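Notes for the structure review
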Amino acid sequence: MSRPHHSSLDAGPVAPSERPGLGLALGGGFARGFAHLGVLQVLEQNRIPISYIAGTSVGSILGAAYASGAPLARIIATCRTLRFRDIARWRVSRLGLASNHRLGDLIEQVFESRKFEDLKIPMAIVATDLANGEPVVFTHGNLCEAIRASCAFPGLFEPVQIGTRYLADGGLVAQVPTSAARDLGARHVLAVSVGLDGHRGAPSNIFQVVCRAVSAAQKHQLEIWERHADLVLRPDVQSLAWDDFDRADEAIEAGAVAARRALPRIQQLLNPPQDAHIEFQARIEAEAQSHLWLAEASR
């Protein structure tokens, strides 16, 4: 995959910073994405600091809500009662079956911030430019527009126009936005992948056809996004369909289980053994001495 196109609202990639904690990369998956909340629960309970968040599709909604400073309990309570009609309005057009304008109401209800610049945790949101198939990464400006674009799943939702561009679901180009998390400056990236559709056998409707087609394409992107992650969590949400919004608690628990199992590895990422740190410092000093010797030898 080619490098992401950073929107005019974005300052572009930066070098890794000294912000302590994990960079989270939260993937798409509609109702399955409630598993992200279980991961956040475990990280919060164990006081694991989060330095950056990158989100695609539902990962952009939940990630931005948390980054805004909204209490996790409020986000979870809202998701337990959330239904598809709360984020979408059916209106068949040449470009899609529904509009996701109602996401704006959800943002007003839950979020503590409306702009990237006011977030408590730096955030990146990924969408897809339908003109050239390139990723568009938002880190500045209006949150609602970026989230709506990242959640505009093709065939279901109409594309979202921002400026002269027509944007669709970020999962088309970044199933899990690990590269965007790195570009924000994250030293350690924890990726959470929940997939799109758990049903097997023959598809029963056009949406399942589109979901499975997208999933098939995403399988060939695994190596691309996984290489930017230090650790990948895959909560067990295979039994959940994309629209199982009434099973939020199951998804949340699946995310929590996956995070608890990975907790020792997460803590090791943030607190490497002292011996490893000493070995790393010794290697740096040896390389510096080598450069000095070469400089002297070349005089």
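Structure report, in brief. Note that the structure is predicted; figures quoted are calculated from it, not measured.

What counts, and at which threshold
- Residues numbered from 1 in each chain as written.
- Predicted model: local features only at pLDDT ≥ 70, side-chain atom pairs only at ≥ 80, totals over all residues.
- Heavy atoms only, no water.
- Buried < 20%, exposed > 50% of the residue type's maximum accessible area, 1.4 Å probe, protein only.
- Helix = DSSP H or I, 4+ residues; strand = E, 2+ residues; numbered from the N terminus.
- Pairing = 2+ DSSP bridges.
- Lys, Arg positive; Asp, Glu negative; His and termini not counted.
- Salt bridge = Lys/Arg side-chain N within 4 Å of Asp/Glu carboxyl O.
- Contact = heavy atoms within 4.5 Å.
- Phe/Tyr/Trp six-rings, centres within 6.5 Å; stacked < 30°, edge-to-face > 60°.
- Patch = residues over 30% accessible without salt bridge, like charges linked within 9 Å, V, L, I, M, F, W, Y side chains within 5 Å.
- Areas by Shrake-Rupley, 256 points an atom, 1.4 Å probe, with all protein chains shown as cover.
- Core = buried A, V, L, I, M, F, W, Y, C linked by side-chain atoms within 4.5 Å.

This part is about the pairing of strand E9 (residues 165–169). Burial of E9 is extensive: four of the five residues sit out of reach of the surface. Bridge count for strand E6 (residues 123–129) against E9 is three bridges, and the pairing is antiparallel. Note on E9: the bridge partner recorded for Asp129 is Leu167. By the bridge criterion, three bridges tie strand E8 (residues 160–162) to E9 in an arrangement that is antiparallel. By the bridge assignment, Ile162 is partnered in E9 with Arg165. Counting the residues that bridge the hairpin from E8 to E9 gives two residues, and of these Gly163 lies at a positive phi of roughly 65°.

Right, let's get into the side chain of Arg148. Structurally, the position occupied by Arg148 is in helix H5 (residues 143–150). An unpaired buried charge is present at Arg148: no salt bridge exists, and Glu158, the closest side chain of opposite charge, is 6.0 Å distant. Among residues more than four places away in sequence, those in contact with Arg148 are Ser99, Asn100, His101, Leu103 and Val160.

Once that is clear, we can look at the pattern of salt bridges. Scanning the model with the defined rule gives eight salt bridges in all. Residues Arg182 and Asp230 are paired through a salt bridge, measuring 2.8 Å at the closest nitrogen-oxygen approach. Within this pair, whereas Arg182 is found in helix H6 (residues 178–184), its partner Asp230 is found in the loop between helix H8 (222–226) and strand E11 (231–233), the two being separated by 48 residues in sequence. You can call Arg182 partly exposed: its relative accessible area is 22%. One salt bridge connects Arg260 with Glu253, and the closest N-O pair in it is separated by 3.0 Å. In this structure, a network of salt bridges that share partners links the residues Asp244, Arg247 and Glu250.

In this section: the packing of aromatic side chains. Counting across every chain of the model gives six aromatic pairs. Geometrically, the ring pair formed by Phe30 and Phe153 is edge-to-face, given 5.6 Å between the ring centres and 75° between the ring planes. In this pair, Phe30 sits in the loop between strand E2 (22–26) and helix H1 (35–45) while Phe153 sits in the loop between H5 and E8, placing the two residues 123 residues apart along the sequence. When sorted by exposure, Phe30 lands in the same class as Phe153, which is buried. Taking 5.3 Å as the distance between ring centres and 75° as the angle between the ring planes, the aromatic pair formed by Phe30 and Trp242 counts as edge-to-face. Note that Phe30 is positioned in the loop between E2 and H1 and Trp242 in the loop between E11 and helix H9 (248–270), a separation of 212 residues in sequence. An identical accessibility class is assigned to Phe30 and Trp242; each is buried.

Turning our eyes to something else, we now look at a nonpolar patch on the surface. A cluster of nonpolar side chains, Trp90, Val92 and Leu97, forms an exposed patch at the surface whose accessible area comes to about 340 Å². One can find Trp90 in strand E4 (residues 89–90). The class for Trp90 is exposed, based on a relative accessible area of 55%.

With that out of the way, let us pick up the nonpolar core. Core analysis: the biggest nonpolar cluster contains 75 residues, and Phe34 and Leu37 have the highest contact counts within it. It is H9 that provides the largest number of residues to this core, a total of nine residues. Those residues in contact with Leu37 that lie beyond four places of it in its chain are Leu62, Leu72, Ile75, Ile76, Cys79 and Ile252. With 17 residues, the next largest nonpolar core counts Val126, Val173, Ala174 and Trp225 among its residues.

Coordinates in, geometry out; function isn't part of it.
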